[in-house]
Amino acid sequence: MELAQPNTGNTPKSYSLNMFQDFVPMCVFSESNQGKLSCEGKVEHKFDMEPHSDNLVNYGKLCRERTQKYMVKSRQVQVLDNDHGMSMRPMPGMVGLIPSGSKAFQEKKKQTPSKPSDVKRTRRDRTEMENIIFKLFERQPNWALKALVQETDQPEQFLKEILNDLCVYNKRGPNQGTHELKPEYKKSTGDTDAA
């Protein structure tokens, strides 16, 4: 096979075609404007185009030119003097914007309800918190962690630490998922009620 164009630079002008029939069968499909797919034909032969041996020197030059062209870096690093990070800061009104391409992220964000953050809650004194917890357990024998967080308005992790010392977590039974006071604390609160 010969190229018709005479001035092609180092691009080889003549090629040998190798035909193969032993390959994975393929079909050609097209899609209309209405989105309808149709089979246009079946590929039965595969042709590999290889530069003719007369043109191998020119083909080698072409490959080297391509490699050298892509080795040249078009991007440049520019150092900003005395910028103090101003160019990296978002412009007013740009904070919190999400690129339009991340629709999956936006959908996830819409689905998950926002939790009230623990930042607003400040820890009280531990002994004061223990007294509050004892009073809550006098009112009701079993408490879920979320209910205790709402009643005490304390950080969840801080409350867990205190509950691990004072309470037993019910993993089974009718009070599953709740905390109740350890037996030694139940007796002491019973004694104080009697006194």
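Procedures and definitions
All residue numbers here refer to positions counted from 1 along the written sequence of the relevant chain. Whole-chain, interface and lining totals are the exception, using all residues; otherwise, since this is a predicted model, local features are given only for residues with pLDDT of at least 70 and side-chain atom pairs are given and counted only at 80 or more. The side-chain quantities take in all heavy atoms of the structure and omit both hydrogens and water. Runs of H or I in DSSP of at least four residues are treated as helices and runs of E of at least two as strands, each being numbered from the N terminus. Classification of residues uses two cut-offs on accessible area relative to the type maximum, computed with a 1.4 Å probe and protein chains only: under 20% is buried, over 50% is exposed, and between them is partly exposed. Contacts are assigned to residue pairs that have any heavy atoms within 4.5 Å of one another. For a helix, the expected span equals 1.5 Å multiplied by the residue count minus one. Note that the arc is defined by the directions from the helix axis to the C-beta atoms. Here a polar contact means two N or O atoms within 3.5 Å. Within protein one must be a hydrogen donor candidate and the other an acceptor candidate, and residues neighboring in sequence count only if both atoms are side-chain atoms. By nonpolar core is meant a set of buried Ala, Val, Leu, Ile, Met, Phe, Trp, Tyr and Cys residues that side-chain atoms within 4.5 Å join together. For two strands to be treated as a pair, DSSP must find no fewer than two bridges joining them. Between the rings of Phe, Tyr and Trp (Trp by its six-membered ring), a pair exists once the centres lie within 6.5 Å; its type follows the angle of the planes, with under 30 degrees stacked, over 60 edge-to-face, and the other angles tilted. Patch definition: residues above 30% relative accessible area lacking any salt bridge, with like charges linked at up to 9 Å and the nonpolar side chains Val, Leu, Ile, Met, Phe, Trp and Tyr linked at up to 5 Å. In this description, accessible areas are obtained by the Shrake-Rupley approach with a 1.4 Å probe, and a residue is regarded as covered only by the protein chains that are shown. For salt bridges, the criterion is a side-chain nitrogen of Lys or Arg within 4 Å of an Asp or Glu carboxyl oxygen.

A.B. asks: Just checking my understanding: could you explain the overall build of the protein chain for this structure?
C.D. replies: The helix and strand inventory of the protein chain stands at 6 helices and 6 strands. Tracing the protein chain from N to C terminus, the helices and strands come up as β-β-β-β-α-α-α-α-α-β-β-α. Looking at the 195 residues of the protein chain, the share that counts as buried comes to 17%. Of all intrachain contacts in the protein chain linking residues separated by at least 6 positions in sequence, the fraction that spans at least 24 positions is 52%.

A.B. asks: I tried to follow helix H3 (residues 126–139) on my own but got confused; where do I start?
C.D. replies: The periodicity of an α-helix, 3.6 residues per turn, causes residues three or four positions apart to be oriented the same way. Look at H3: 20 Å from first C-alpha to last across 14 residues, which is about the 20 Å you get at 1.5 Å a residue. What H3 keeps buried is the set Met129, Ile133, Phe134, Leu136 and Phe137. All buried residues of H3 fall inside an arc of 160° around its axis, so they share one side. Away from the buried face of H3 by more than 90 degrees, exposed residues Lys135 and Arg139 are located.

A.B. asks: Quick question: what am I supposed to make of the side chain of threonine 178 here?
C.D. replies: Position of threonine 178 among the secondary structure elements: in the loop between strand S5 (167–169) and strand S6 (179–181). The class for threonine 178 is buried, based on a relative accessible area of 14%. Here the side chain of threonine 178 touches asparagine 175 through a polar contact of 2.5 Å, landing on its backbone oxygen. Look past the residues within four positions of threonine 178 in its chain and what remains in contact with it is Asn142, Trp143, Ala144, Val168, Tyr169 and Asn170.

A.B. asks: Just to check I follow, could you spell out the nonpolar core for this structure?
C.D. replies: The tendency in soluble globular proteins is for nonpolar side chains to be buried as a group. Of all hydrophobic cores here, the largest spans 16 residues; its most connected members are Ile133, Phe137, Leu148, Leu159, Leu163 and Leu166. Contributing elements (two or more residues each) for this core: H3, helix H4 (145–152) and helix H5 (156–166). The residues contacting phenylalanine 137, other than those within four sequence positions of it, are Asn142, Trp143, Leu148, Leu163, Cys167, His179, Glu180 and Leu181.

A.B. asks: Can you walk me through the pairing of strand S3 (residues 37–43) in this structure?
C.D. replies: A regular strand places its side chains so that they alternate between the two faces of the sheet. Bridging between strand S2 (residues 26–31) and S3 involves 6 bridges; their strand directions are antiparallel. Looking at S3, one finds that methionine 26 is bridged to valine 43. Between S2 and S3, which pair antiparallel in sequence order, lie 5 residues; one of them, glycine 35, sits at a positive phi of approximately 90°.

A.B. asks: Looking at this structure, how should I read unusual backbone geometry?
C.D. replies: Unlike most non-glycine residues, aspartate 153 shows phi in positive territory, near 55°. Tracing the sequence through the fold places aspartate 153 in the loop between H4 and H5.

A.B. asks: Looking at this structure, I do not really get the packing of aromatic side chains. What am I missing?
C.D. replies: One pair of aromatic rings is described through two measures. These are the centre distance and the angle between the planes. By the definition in use, this model includes 1 aromatic pair. Between phenylalanine 134 and tyrosine 185 the ring centres are 5.6 Å apart and the planes differ by 45°, which places this aromatic pair in the tilted class. Of this pair, phenylalanine 134 sits in helix H3 while tyrosine 185 sits in helix H6 (residues 183–194), and the two are 51 residues apart along the sequence. On the basis of relative accessibility, which here comes to 17%, the residue phenylalanine 134 falls in the buried class. Classification of tyrosine 185 as partly exposed rests on a relative accessible area of 25%.

A.B. asks: Help me understand a nonpolar patch on the surface in this model?
C.D. replies: Taken together, the side chains of Met1, Leu3, Leu17, Met19, Phe47 and Met49 make up a nonpolar region of the molecular surface, amounting to roughly 590 Å² of accessible area. Every element with two or more residues in the nonpolar patch is listed here: strand S1 (15–20) and strand S4 (46–51). By secondary structure assignment, the location of methionine 1 is in the segment before S1.

A.B. asks: I'm lost on the environment of leucine 148 in this one. Help?
C.D. replies: You can see leucine 148 is positioned in helix H4. Among the residues examined, leucine 148 registers a relative accessible area of 1% and is labelled buried. Sequence separation between leucine 148 and lysine 160 is 12 residues, and the spatial gap between their C-alpha atoms is 9.9 Å. Once you skip the residues sitting within four places of it in the chain, leucine 148 turns out to touch Leu136, Phe137, Trp143, Asp153, Leu159 and Leu163.

That's the geometry; what it means functionally is another story.
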